[in-house]
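A look at the structure
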Amino acid sequence: MAGAPLPPSNGGTSWSRLKTPLLLPTWAMIGVFLLIPVLLMAVYSFLTKEFRGGVIWDFTLAAYDQFFFNRGLFGDEPPVIEWTYISIFWRSIWQAGLATVACLLVGFPTAWFIATRPPSQRSVWLFLITIPYWVNLLIRTVSLKFLIRDNGPLNEFLMGLGVITDPLPLVNTNLAVQLGLFYSYLPFMVLPIYAAVERYNFALSEAAADLYAPRWTILREVVLPVVKPGIVAGCLLVFVPSLGAFLAPDLLGGAKTYMIGSLIDEQFKGSQGNWPFGAAVAVVLMTLVLIALFLQARAAAKGARE
Amino acid sequence: MKGVRHYPGFLGITIACLVVLYAPLIVVTIYSFNDSNSITAWGGFSWRWYVDVFTGPEAERFGAAAWNSITIALIAATASTAIAVAAALAMIRGGRFRGKSATYALINLPLLVPEIVTAVATLIFFSAIGLTTGYLTILIAHITFCIPFAYLPIAARLSGIEETYEQAARDLYATRAQAFWLILLPLLMPGVISGYLLAFIISLDDFIITNFVKGAGMETLPTAIFGSVKQGIKPNIMAISTLMLAVSVLFVTLSYFVNRIGQKTRT
């Protein structure tokens, strides 16, 4: 091979010179079709509504004013706090919070149990937990509604056992919505906690046990601080989608379980819609999510320093 | 020492967890074979609702919706996987560069923004630029939110492949393109397949964003099912649900085995 040029061996496989063309499609797609739309949505929340749906390009604070204040039927009374929308947000936070706690109470022991199996069995257990995550969320929610409806299989089963004499009215209650959220996002809680427990060094627990610490004290005082980042990640992965959930409250709940997702959805449907108001509600929701993410990032940074 | 790993009751909770996750799916699967017009009473085993799905009065509507869903999922998964492979090469093999953490945040943005917010923002954007909502707008939205799902397994796989393989190929006078197509891509394949399957399922699964950007007259399977369910759960919906369930289980099983093979060939 005499005379052939020397191969470019140093840094020959480095892709750094090509990084701009390689990243261009990602920047273009997510930048143009998600980042700019989210920013545009924030702009729309300051525009004037048009009555057939859509907007007029006149800047106003009307959408936020409608969200937070009540100025009477004709808008000429002194403003008082408008509780309608704040209470929908409060209810959503409460529902998402309860669903998160329920997921944690079930998800932690499950993740722990899987992570303490022999390595060969773990992937099978994980596989079983992840299958429902891959099933269409709409289908899962519809299936849950079918199961728990007034004359559905669950009530028939319980009445057959003689546990109850009348069917439990579950559908259209807060409990059904919480159950739906719990059911929708449970795998999101199990997976990050599993990852944390799998990395946990059990010598720590053994050391505590050698010093006569009771089992549950070890869990609380030794294990929990170590696996906390996994727990926080799991809680966030359940809480954030629960907060903006649409399907569970819409299909399993009724008028009394109205959540943020339905409130936003309604503003963009047909001629009764109010686009700037819907955009403003979405901006408030996005702000809450950013606060939650910020708190988690700060907790993670603090955990990394310790 | 087994003692510190074992907590009483954790096995019970794990089993309860699986029961909660599977009970609704199993019940719907069983009732989809119910030979009765009522969804409450059991009338014996039958395939009639599956026949109804393909030949019944709603067959045309669901057929068109299924066609839209599947073609959108195929195109979106292909496009987002290709975009994700390119991004992973730059992010994992591109060294340090300005804007790397901003790019990382951008890739993960679709995971951070709540779906309903993405839906609203995308609808507003398409309406502002005057793009008529329909097949194209659904497709653009799907490609965008599928990118991080395709990226994660591909990037994980790529960071586990040492650069020496490509360097060896280059030392033996392979061009950059040859080293990529003949050496790196085959090694990367388990990640690419996982990413593709994940993107496909995520696209097929989406309801909220599609429902916002689909426009009038355009349906995908989830929006068509949602429309029907609003009038009550009918047996043919349970048959369609069971079919989609079967597709999902098939895909997750495929992905599981691809991962197993991937782990065996870990470099």
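Below: a short report on this structure. (Residues numbered from 1 in each chain as written. Chains lettered and ligands numbered in written order. Predicted model: local features only at pLDDT ≥ 70, side-chain atom pairs only at ≥ 80, totals over all residues. Heavy atoms only, no water.)

Okay, the overall build of chain A next. The number of helices and strands found in chain A is twelve helices and four strands. For chain A, the C-alpha radius of gyration of 26 Å lies well beyond 19 Å, the compact-globule estimate for 306 residues. Seen through its C-alpha atoms, chain A measures out along the principal axes to roughly 80 × 80 × 40 Å. Burial analysis of chain A (306 residues in total) assigns 48% to the buried set. Look at the contacts in chain A between residues 6 or more apart in sequence, and 61% of them connect residues 24 or more apart. (Helix = DSSP H or I, 4+ residues; strand = E, 2+ residues; numbered from the N terminus. Rg over C-alpha atoms; globule rule 2.2 N^0.38 Å. Buried < 20%, exposed > 50% of the residue type's maximum accessible area, 1.4 Å probe, protein only. Contact = heavy atoms within 4.5 Å.)

Another point: a nonpolar patch on the surface. All names here are of chain B. A cluster of nonpolar side chains, namely Ile-26, Ile-30, Trp-42, Phe-45, Trp-47 and Val-51, defines an oily patch on the protein surface of about 670 Å² accessible area. Locating Val-51 in the fold gives a position in helix H2 (residues 48-55). Note on Val-51: relative accessible area 48%, which makes it partly exposed. (Patch = residues over 30% accessible without salt bridge, like charges linked within 9 Å, V, L, I, M, F, W, Y side chains within 5 Å. Areas by Shrake-Rupley, 256 points an atom, 1.4 Å probe, with all protein chains shown as cover. Salt bridge = Lys/Arg side-chain N within 4 Å of Asp/Glu carboxyl O.)

Attention now moves to the interface of chain A and chain B. The partner chain B presents 93 residues to the 96 residues of chain A that form the contact. In total, about 9000 Å² of surface goes out of reach between chain A and chain B, with carbon and sulfur atoms giving 77% of it. Run the count over chain A and chain B and you get one salt bridge. For the salt bridge of Asp250(A) with Lys230(B), the shortest nitrogen-to-oxygen distance reads 2.6 Å. At the junction of chain A with chain B, the criterion picks out eleven residue pairs in polar contact (both at pLDDT 80 or more). Sorting elements by how many residues they give to the side of chain A that touches chain B places helix H1 (residues 19-44) of chain A first, with 19 residues. Looking at the side of chain A that touches chain B residue by residue, the class counts come to 69 nonpolar, 16 polar and eleven charged. (Buried area = accessible area lost by both parts, 1.4 Å probe. Polar contact = N/O pair within 3.5 Å; in protein donor to acceptor, adjacent residues only side chain to side chain. Nonpolar A, V, L, I, M, F, W, Y, C, P; charged D, E, K, R; others polar.)

Once that is clear, we can look at the environment of Lys269(A). Residues and elements named next belong to chain A. If you trace the backbone, Lys-269 turns up in the loop between helix H11 (260-267) and helix H12 (275-305). According to the relative accessible area criterion, Lys-269 is partly exposed, its value standing at 36%. Separated by 2.9 Å, the side chains of Lys-269 and Asp-265 make a polar contact.

Before going further, it helps to spend a moment on the pattern of salt bridges. All names here are of chain A. Within the structure shown, the criterion is met by six salt bridges over all chains. Linking Arg-122 and Glu-198 is a salt bridge whose minimum nitrogen-to-oxygen distance equals 3.2 Å. Within this pair, whereas Arg-122 is found in helix H4 (residues 119-134), its partner Glu-198 is found in helix H7 (residues 174-199), the two being separated by 76 residues in sequence. The exposure class assigned to Arg-122 is buried, which follows from its relative accessible area of 16%.

Moving on, we come to the nonpolar core. Counting residues in hydrophobic clusters, the biggest one holds 191 residues, and the most contacted among them are Met41(A), Trp112(A), Ile264(A), Leu285(A), Ile124(B) and Phe212(B). The element contributing the most residues to this core is helix H3 (residues 59-93) of chain B, with 16 residues. Those residues in contact with Leu285(A), other than ones at most four positions away along the chain, are Phe89(A), Leu243(A), Gly244(A), Ile260(A), Ile264(A), Pro114(B), Ile116(B) and Val117(B). (Core = buried A, V, L, I, M, F, W, Y, C linked by side-chain atoms within 4.5 Å.)

The next point concerns the packing of H7(A) against helix H9 (residues 215-243) of chain A. All names here are of chain A. Direction vectors running N to C along H7 and H9 enclose 160°, while the axes themselves pass 8 Å from each other. As judged from the angle between their axes, H7 and H9 are roughly antiparallel. Remark: the crossing between H7 and H9 carries right-handed chirality. Where H7 approaches H9, its residues Leu-181, Tyr-185, Phe-188, Met-189, Pro-192, Ile-193, Ala-196 and Val-197 are matched on the opposing element by Val-227, Gly-230, Ile-231, Ala-233, Gly-234, Cys-235, Leu-237, Val-238, Pro-241 and Ser-242. Looking at the contact of H7 with H9, its residues break down into 15 nonpolar, three polar and no charged. (Axes fitted to C-alpha atoms, helices over the stretch in contact; angles between N-to-C directions. Parallel < 35°, antiparallel > 145°, perpendicular 65-115°, else oblique. Left-handed = near helix turned anticlockwise from the far one by under 90°.)

The analysis is restricted to geometry; functional conclusions fall outside its scope.
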